[in-house]
Amino acid sequence: MLHTAPCDLFDMKHFLLWAIGFGIYWVGLRLDEEVLMIVAAIAGSFFILWGLLSAPMQLQLVVEIACVIALFSVCMKCIERGLD
């Protein structure tokens, strides 16, 4: 008989990966060097996407929106520094 588990909504793997990813974003936004800020954004994106792939379908939309907002703020900060 085939056993199907209920929704894995409370599986901690994707929450841990998201926490690492957004933590890297948070640290990257406080750096003064633009190259390190971009590297932090890319590394944070890697962990967030890894968590997104392992997350249940119900949470994926929320994470995708948060990732776009975080990357947009990093890009705007780099553009703002370039105008000075």
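First, a word on scope: everything that follows refers to the structure included in this document. (Residues numbered from 1 in each chain as written. Predicted model: local features only at pLDDT ≥ 70, side-chain atom pairs only at ≥ 80, totals over all residues. Heavy atoms only, no water.)

**Here's the deal with the packing of helix 1 (residues 12-29) against helix 2 (residues 34-54)**
Running from N to C, helix 1 and helix 2 point in directions that differ by 165°, and their axes come no closer than 8 Å. Between helix 1 and helix 2, the angle is such that the two are roughly antiparallel. Crossing angle aside, the handedness with which helix 1 passes helix 2 is left-handed. Of helix 2, the residues touching helix 1 (which contributes Lys13, His14, Leu17, Trp18, Ile20, Gly21, Phe22, Ile24, Tyr25 and Gly28) are Met37, Ala40, Ala41, Ala43, Gly44, Ser45, Phe47, Ile48, Trp50, Gly51, Leu52 and Ser54. Tallied by class, residues from the contact of helix 1 with helix 2 come to 14 nonpolar, seven polar and one charged. (Axes fitted to C-alpha atoms, helices over the stretch in contact; angles between N-to-C directions. Helix = DSSP H or I, 4+ residues; strand = E, 2+ residues; numbered from the N terminus. Parallel < 35°, antiparallel > 145°, perpendicular 65-115°, else oblique. Left-handed = near helix turned anticlockwise from the far one by under 90°. Contact = heavy atoms within 4.5 Å. Nonpolar A, V, L, I, M, F, W, Y, C, P; charged D, E, K, R; others polar.)

**Re the packing of aromatic side chains**
For the structure on display, the rule yields five aromatic pairs. On the basis of an interplanar angle of 85° and a centroid distance of 5.7 Å, the ring pair of Phe15 and Trp18 is categorised as edge-to-face. With Phe15 and Trp18 both in helix 1 and three residues apart, this pair spans about one turn of that helix. What links up through ring pairs into an aromatic cluster is the set Phe46, Phe47 and Trp50. (Phe/Tyr/Trp six-rings, centres within 6.5 Å; stacked < 30°, edge-to-face > 60°.)

**Description of the side chain of Ser45**
Residue position: Ser45 is located in helix 2. Here Tyr25 takes part through its side chain, which lies 2.7 Å from a polar atom of the side chain of Ser45. Side-chain polar atoms of Ser45 contact the backbone oxygen of Ala41, separated by 2.8 Å. Once residues lying within four places of it in the same chain are set aside, the contact partners of Ser45 are Tyr25 and Leu71. (Polar contact = N/O pair within 3.5 Å; in protein donor to acceptor, adjacent residues only side chain to side chain.)

**Details of the packing of helix 2 against helix 3 (residues 57-83)**
At their nearest, the axes of helix 2 and helix 3 sit 11 Å apart, and the two run at 175° to each other. Considered as vectors, helix 2 and helix 3 are oriented roughly antiparallel to each other. The segment helix 2 lies against helix 3, with Glu34, Met37, Ile38, Ala41, Ser45, Ile48 and Leu52 engaging Gln60, Val63, Glu64, Cys67, Leu71, Val74, Lys77, Cys78 and Arg81. Taken together, the residues that form the contact of helix 2 with helix 3 break down as ten nonpolar, two polar and four charged.

**Points about helix 1**
Taking 1.5 Å of rise per residue, 18 residues should cover 26 Å, and helix 1 covers 26 Å from first to last C-alpha, within 8% of that figure. Of the residues making up helix 1, those classed as buried are His14, Leu17, Trp18, Gly21, Tyr25 and Gly28. Angularly, the buried residues of helix 1 cover 100° about the axis, an arc narrow enough to put them on a single face. Residues Met12, Leu16, Ala19 and Trp26 are exposed on helix 1 and point more than 90 degrees away from its buried face. (Expected span 1.5 Å × (residues − 1). Buried < 20%, exposed > 50% of the residue type's maximum accessible area, 1.4 Å probe, protein only. Arc of directions from axis to C-beta.)

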